[in-house]
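# Reading the structure
The chain contents come next:
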Amino acid sequence: MAKILIVDDSRTSRKILRGILEQNGHEIIGEAVDGQDGVLKFRELQPEVTTLDITMPIMDGLEALQVIKKDSPDANIVMVTAAGQQNKMIDAIKYGASEFVTKPFETEEILRIINKFNK
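Here we summarise the structure given alongside this text. (Residues numbered from 1 in each chain as written. Predicted model: local features only at pLDDT ≥ 70, side-chain atom pairs only at ≥ 80, totals over all residues. Heavy atoms only, no water.)

## Quick look at the packing of helix α3 (residues 61–71) against helix α4 (residues 86–95)
- The interhelical angle for the contact between α3 and α4, taken along N-to-C directions, is 5°, at an axis separation of 10 Å. By the angle between their directions, the pair α3 and α4 is classed as roughly parallel. Here Leu62, Leu65, Gln66 and Lys69 of α3 come into contact with α4, specifically with Lys88, Asp91, Ala92 and Tyr95.
- Across the contact of α3 with α4, the residue classes break down as four nonpolar, one polar and three charged. (Axes fitted to C-alpha atoms, helices over the stretch in contact; angles between N-to-C directions. Helix = DSSP H or I, 4+ residues; strand = E, 2+ residues; numbered from the N terminus. Parallel < 35°, antiparallel > 145°, perpendicular 65-115°, else oblique. Contact = heavy atoms within 4.5 Å. Nonpolar A, V, L, I, M, F, W, Y, C, P; charged D, E, K, R; others polar.)

In structure tokens:
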């Protein structure tokens, strides 16, 4: 199963996502509370999959995505979006996002997307 880094400023969102993934055999190797922290933890932990919330303080998910993809072009990044963020989703595709999940989280959608990255 995948080794995953969760990057989201919402403690509740991190907890829900962690619960879904761990209950289905994935390993959460780290959590970060903003994009800057996420980039640092990505470099340190080298996760197989990283989930990045788009809207976060200090450095948002789109900025973090660009930094991570510059460092690691093959990184598997799943962007977490809220309703109404279509323009940001288009930007994320341009910057190299692998997939998207939407809030509120749906277990089946998350597992379908994360399981794509299991090797």
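## What about α3?
- For α3, every residue scored as buried is listed here: Gly61, Leu62, Ala64, Leu65, Ile68 and Lys69. With its buried residues spanning 155° around the axis, α3 presents them on a single face.
- Those residues of α3 hidden inside the fold are in contact with α2 (35–45), β3 (49–53), β4 (77–81) and α4.
- For α3, the capping residue at the N-terminal end is Asp60, with a side-chain oxygen 3.0 Å from the backbone nitrogen of Leu62. (Buried < 20%, exposed > 50% of the residue type's maximum accessible area, 1.4 Å probe, protein only. Arc of directions from axis to C-beta. Polar contact = N/O pair within 3.5 Å; in protein donor to acceptor, adjacent residues only side chain to side chain.)

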